[in-house]
Amino acid sequence: MNIRIATTQDQDDIRRLYFSAFTEEENEMVATLAVELLAENSALPILSLVAEMEDAVVGHVAFSRLKIENQANIQAYILAPLAVRPDCQQQRIGSALVEYGMQQLSALGVDLIFVYGAPEYYGRFGFSAETAQGYNAPYPLQYPFGWQAIAIREGVIENGPHATQCVQALCKPLLW
Ligand SMILES: CC(C)(COP(=O)(O)OP(=O)(O)OC[C@H]1O[C@@H](n2cnc3c(N)ncnc32)[C@H](O)[C@@H]1OP(=O)(O)O)[C@@H](O)C(=O)NCCC(=O)NCCS
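Because the structure is a prediction, the values reported are computed rather than measured. (Residues numbered from 1 in each chain as written. Predicted model: local features only at pLDDT ≥ 70, side-chain atom pairs only at ≥ 80, totals over all residues. Heavy atoms only, no water.)

Enquirer: Can you help me understand the pattern of salt bridges in this one?
Expert: Oppositely charged side chains can form a pair if their charged atoms are brought close together. One pass over the full model with this rule turns up eight salt bridges. Measuring nitrogen to oxygen at the nearest pair gives 2.8 Å for the salt bridge that ties D87 to R85. On the accessibility criterion, D87 (52% relative accessible area) is exposed. Residue R85 is classed as partly exposed on the basis of its relative accessible area of 27%. (Salt bridge = Lys/Arg side-chain N within 4 Å of Asp/Glu carboxyl O. Buried < 20%, exposed > 50% of the residue type's maximum accessible area, 1.4 Å probe, protein only.)

Enquirer: Mind showing me how you'd approach the environment of F125 here?
Expert: Along the chain, F125 turns up in the loop between α4 (119-122) and α5 (129-132). Residues F125 and I93, 32 residues apart in the sequence, show an inter-C-alpha distance of 14 Å. With residues up to four places along the chain from it excluded, the contact list for F125 reads S95, V98, E99, M102 and I150. (Helix = DSSP H or I, 4+ residues; strand = E, 2+ residues; numbered from the N terminus. Contact = heavy atoms within 4.5 Å.)

Enquirer: Explanation requested: the side chain of Q71 in the structure shown.
Expert: When you line up the elements, Q71 lands in the loop between β4 (67-68) and β5 (76-84). Residue Q71 is classed as buried on the basis of its relative accessible area of 2%. Residues contacting Q71, with those up to four places away along its chain left out, are Y135, V156, E158 and H162.

Enquirer: It is not clear to me how the state of the cysteines should be interpreted in this structure. Could you clarify?
Expert: Covalent bonding between the sulfur atoms of two cysteines is what defines a disulfide. For the structure shown, the criterion picks out zero disulfides. We note that C171 lacks a disulfide partner, and the nearest cysteine sulfur, in C166, lies 3.7 Å from it. (Disulfide = S-S within 2.5 Å.)

Enquirer: In this structure, what is going on with the site of the ligand? I would like to understand it.
Expert: V84, Q90, R92, G94 and S95 are the nearest of the 17 residues found near the ligand. Contacts to the ligand include I93, whose backbone N or O atom sits 3.5 Å from an oxygen atom. When isolated, the ligand has an accessible area of 850 Å², and the protein chains bury 67% of it. Put simply, the ligand lies in the largest pocket. Listed by contribution, the elements that provide at least two residues to the shell around the ligand are β5, α3 (93-107) and α4. Within the shell around the ligand, the residues separate by chemical class into nine nonpolar, five polar and three charged. (Near = heavy atom within 4 Å. Polar contact = N/O pair within 3.5 Å; in protein donor to acceptor, adjacent residues only side chain to side chain. Areas by Shrake-Rupley, 256 points an atom, 1.4 Å probe, with all protein chains shown as cover. 1 Å grid on protein atoms, 1.4 Å probe; cavity = no way out; pocket = protein on both sides within 12 Å on 5 of 7 lines; lining within 4 Å. Sits in = over half its atoms within 2 Å of the grid points. Nonpolar A, V, L, I, M, F, W, Y, C, P; charged D, E, K, R; others polar.)

Printed below as a string of C-alpha coordinates:
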(Lines give C-alpha, C1' and ligand atoms only; values in the text may rest on other atoms or scores of the structure.)
Protein backbone atom coordinates (compact mmCIF):
# COMPACT_ATOMS: atom_id res chain seq x y z
CA MET A 1 0.00 0.00 0.00
CA ASN A 2 1.29 3.40 -1.00
CA ILE A 3 0.15 6.82 0.23
CA ARG A 4 0.55 9.87 -1.99
CA ILE A 5 -0.83 13.37 -2.46
CA ALA A 6 -4.15 13.36 -4.32
CA THR A 7 -4.61 15.50 -7.42
CA THR A 8 -7.63 16.59 -9.44
CA GLN A 9 -6.86 13.66 -11.76
CA ASP A 10 -7.92 11.33 -8.94
CA GLN A 11 -11.36 12.89 -8.64
CA ASP A 12 -13.32 10.13 -10.38
CA ASP A 13 -11.61 7.42 -8.31
CA ILE A 14 -12.18 9.40 -5.11
CA ARG A 15 -15.83 9.94 -5.96
CA ARG A 16 -16.30 6.22 -6.60
CA LEU A 17 -14.56 5.40 -3.34
CA TYR A 18 -16.97 7.56 -1.29
CA PHE A 19 -19.95 6.16 -3.10
CA SER A 20 -18.86 2.65 -2.14
CA ALA A 21 -17.89 3.41 1.48
CA PHE A 22 -20.80 5.60 2.65
CA THR A 23 -24.51 4.93 2.83
CA GLU A 24 -26.85 6.15 0.13
CA GLU A 25 -28.03 8.88 2.47
CA GLU A 26 -24.58 10.40 2.82
CA ASN A 27 -22.48 9.28 -0.14
CA GLU A 28 -23.31 12.08 -2.59
CA MET A 29 -22.63 14.80 -0.02
CA VAL A 30 -19.37 13.31 1.23
CA ALA A 31 -18.10 12.48 -2.25
CA THR A 32 -18.81 16.06 -3.30
CA LEU A 33 -16.92 17.34 -0.27
CA ALA A 34 -13.86 15.20 -1.09
CA VAL A 35 -13.84 16.31 -4.72
CA GLU A 36 -14.45 19.98 -3.90
CA LEU A 37 -11.55 19.96 -1.46
CA LEU A 38 -9.25 18.88 -4.31
CA ALA A 39 -10.00 22.18 -6.02
CA GLU A 40 -10.56 24.34 -2.95
CA ASN A 41 -8.54 27.52 -2.88
CA SER A 42 -10.20 29.55 -0.13
CA ALA A 43 -7.52 28.55 2.39
CA LEU A 44 -4.44 26.70 1.26
CA PRO A 45 -2.76 24.36 1.73
CA ILE A 46 -5.20 21.50 1.87
CA LEU A 47 -3.70 18.08 2.48
CA SER A 48 -5.50 15.47 0.41
CA LEU A 49 -4.06 11.97 0.39
CA VAL A 50 -4.91 8.74 -1.40
CA ALA A 51 -3.91 5.21 -0.47
CA GLU A 52 -3.22 2.97 -3.46
CA MET A 53 -2.95 -0.77 -3.85
CA GLU A 54 -1.92 -2.16 -7.24
CA ASP A 55 -2.55 1.28 -8.76
CA ALA A 56 -6.14 1.41 -7.50
CA VAL A 57 -7.33 4.07 -5.06
CA VAL A 58 -8.46 2.22 -1.93
CA GLY A 59 -8.52 5.06 0.58
CA HIS A 60 -8.65 8.83 0.89
CA VAL A 61 -8.40 11.47 3.58
CA ALA A 62 -8.40 15.27 3.50
CA PHE A 63 -7.28 17.85 6.03
CA SER A 64 -8.23 21.51 5.60
CA ARG A 65 -7.62 24.64 7.58
CA LEU A 66 -9.88 25.61 10.47
CA LYS A 67 -9.55 29.24 11.55
CA ILE A 68 -9.89 29.88 15.25
CA GLU A 69 -11.32 33.25 16.17
CA ASN A 70 -9.01 35.42 18.27
CA GLN A 71 -6.21 32.84 18.05
CA ALA A 72 -4.47 33.83 14.85
CA ASN A 73 -1.22 32.34 16.17
CA ILE A 74 -2.74 28.85 16.39
CA GLN A 75 -2.65 26.79 13.20
CA ALA A 76 -5.53 24.34 13.17
CA TYR A 77 -6.81 21.81 10.65
CA ILE A 78 -9.82 19.56 10.41
CA LEU A 79 -9.75 15.98 9.18
CA ALA A 80 -12.67 15.42 6.78
CA PRO A 81 -13.58 13.27 5.01
CA LEU A 82 -12.05 9.79 5.35
CA ALA A 83 -12.97 6.56 3.60
CA VAL A 84 -11.51 3.16 2.79
CA ARG A 85 -12.98 0.91 0.09
CA PRO A 86 -15.21 -1.66 1.84
CA ASP A 87 -13.30 -4.70 0.51
CA CYS A 88 -10.05 -3.21 1.84
CA GLN A 89 -11.19 -2.20 5.32
CA GLN A 90 -9.73 -3.64 8.54
CA GLN A 91 -6.20 -3.59 7.09
CA ARG A 92 -5.08 -0.41 8.84
CA ILE A 93 -5.36 1.65 5.66
CA GLY A 94 -7.56 4.22 7.42
CA SER A 95 -5.11 4.36 10.31
CA ALA A 96 -2.15 4.75 7.95
CA LEU A 97 -3.86 7.67 6.16
CA VAL A 98 -4.74 9.42 9.44
CA GLU A 99 -1.28 8.88 10.94
CA TYR A 100 0.56 9.94 7.77
CA GLY A 101 -1.59 13.08 7.50
CA MET A 102 -0.98 13.96 11.13
CA GLN A 103 2.78 13.57 10.66
CA GLN A 104 2.74 15.81 7.58
CA LEU A 105 0.74 18.50 9.39
CA SER A 106 3.00 18.29 12.41
CA ALA A 107 6.02 18.85 10.15
CA LEU A 108 4.25 21.93 8.72
CA GLY A 109 3.93 23.37 12.22
CA VAL A 110 0.22 22.70 12.72
CA ASP A 111 -0.81 22.98 16.39
CA LEU A 112 -4.26 21.42 16.59
CA ILE A 113 -6.28 18.98 14.49
CA PHE A 114 -10.05 18.62 14.78
CA VAL A 115 -12.34 15.88 13.57
CA TYR A 116 -16.08 15.24 13.61
CA GLY A 117 -16.64 11.49 13.68
CA ALA A 118 -16.88 8.30 15.71
CA PRO A 119 -14.96 8.68 19.02
CA GLU A 120 -14.39 4.89 19.07
CA TYR A 121 -12.39 5.28 15.87
CA TYR A 122 -10.60 8.60 16.29
CA GLY A 123 -9.86 8.03 19.98
CA ARG A 124 -7.23 5.50 18.96
CA PHE A 125 -5.14 8.30 17.41
CA GLY A 126 -5.46 10.54 20.47
CA PHE A 127 -8.42 12.69 19.42
CA SER A 128 -10.71 13.56 22.32
CA ALA A 129 -13.86 15.54 23.01
CA GLU A 130 -12.11 17.10 26.01
CA THR A 131 -9.44 18.71 23.83
CA ALA A 132 -12.12 20.16 21.53
CA GLN A 133 -14.24 21.44 24.41
CA GLY A 134 -13.25 25.11 24.21
CA TYR A 135 -13.79 25.31 20.45
CA ASN A 136 -17.21 25.56 18.87
CA ALA A 137 -17.68 23.67 15.61
CA PRO A 138 -18.43 25.97 12.65
CA TYR A 139 -22.06 24.74 12.50
CA PRO A 140 -24.50 23.24 15.03
CA LEU A 141 -23.71 19.54 15.41
CA GLN A 142 -26.17 16.70 14.97
CA TYR A 143 -23.86 14.48 17.09
CA PRO A 144 -22.02 16.79 19.52
CA PHE A 145 -20.09 13.84 21.01
CA GLY A 146 -18.32 13.44 17.65
CA TRP A 147 -16.52 16.80 17.93
CA GLN A 148 -12.93 16.00 18.91
CA ALA A 149 -9.43 17.39 18.64
CA ILE A 150 -5.80 16.49 19.23
CA ALA A 151 -3.09 18.94 20.26
CA ILE A 152 0.02 18.40 18.15
CA ARG A 153 1.91 21.03 20.09
CA GLU A 154 1.68 21.16 23.86
CA GLY A 155 0.24 24.19 25.57
CA VAL A 156 -1.95 25.36 22.68
CA ILE A 157 -5.30 24.57 24.26
CA GLU A 158 -7.04 27.59 25.73
CA ASN A 159 -10.28 27.89 27.59
CA GLY A 160 -13.10 28.85 25.29
CA PRO A 161 -15.46 29.27 23.87
CA HIS A 162 -13.68 30.02 20.61
CA ALA A 163 -15.58 30.19 17.35
CA THR A 164 -14.09 28.37 14.37
CA GLN A 165 -14.40 28.84 10.64
CA CYS A 166 -13.96 26.13 8.01
CA VAL A 167 -13.08 26.27 4.31
CA GLN A 168 -15.80 26.81 1.70
CA ALA A 169 -16.32 23.14 0.82
CA LEU A 170 -17.26 22.39 4.43
CA CYS A 171 -19.68 25.32 4.70
CA LYS A 172 -22.77 23.15 4.37
CA PRO A 173 -24.86 22.75 7.52
CA LEU A 174 -25.94 19.24 6.48
CA LEU A 175 -22.36 18.00 6.77
CA TRP A 176 -22.47 18.77 10.48
C1 LIG B 1 -13.77 4.30 9.15
C2 LIG B 1 -12.88 3.70 8.07
C3 LIG B 1 -12.21 4.82 7.29
C4 LIG B 1 -11.82 2.84 8.75
O5 LIG B 1 -10.92 2.35 7.76
P6 LIG B 1 -10.10 0.99 7.97
O7 LIG B 1 -8.97 1.02 7.01
O8 LIG B 1 -11.00 -0.17 7.98
O9 LIG B 1 -9.58 1.24 9.47
P10 LIG B 1 -8.41 0.50 10.21
O11 LIG B 1 -8.13 -0.81 9.56
O12 LIG B 1 -7.30 1.45 10.38
O13 LIG B 1 -9.08 0.28 11.63
C14 LIG B 1 -10.06 -0.67 11.77
C15 LIG B 1 -10.69 -0.53 13.15
O16 LIG B 1 -11.55 0.61 13.17
C17 LIG B 1 -12.83 0.22 13.63
N18 LIG B 1 -13.83 1.08 12.98
C19 LIG B 1 -14.08 1.21 11.67
N20 LIG B 1 -15.10 2.08 11.49
C21 LIG B 1 -15.48 2.51 12.70
C22 LIG B 1 -16.49 3.40 13.17
N23 LIG B 1 -17.29 4.05 12.34
N24 LIG B 1 -16.59 3.55 14.50
C25 LIG B 1 -15.80 2.91 15.35
N26 LIG B 1 -14.82 2.06 14.98
C27 LIG B 1 -14.68 1.85 13.67
C28 LIG B 1 -12.94 -1.23 13.21
O29 LIG B 1 -13.92 -1.88 13.97
C30 LIG B 1 -11.54 -1.73 13.53
O31 LIG B 1 -11.42 -1.96 14.91
P32 LIG B 1 -10.34 -3.01 15.54
O33 LIG B 1 -8.98 -2.47 15.18
O34 LIG B 1 -10.62 -2.95 16.99
O35 LIG B 1 -10.65 -4.29 14.85
C36 LIG B 1 -13.69 2.77 7.13
O37 LIG B 1 -14.35 1.80 7.91
C38 LIG B 1 -14.71 3.51 6.28
O39 LIG B 1 -14.40 4.00 5.21
N40 LIG B 1 -15.95 3.56 6.76
C41 LIG B 1 -17.06 4.17 6.04
C42 LIG B 1 -16.87 5.65 5.93
C43 LIG B 1 -16.81 6.34 7.27
O44 LIG B 1 -17.58 6.02 8.17
N45 LIG B 1 -15.92 7.34 7.39
C46 LIG B 1 -15.83 8.20 8.55
C47 LIG B 1 -15.25 7.57 9.76
S48 LIG B 1 -15.93 8.22 11.26
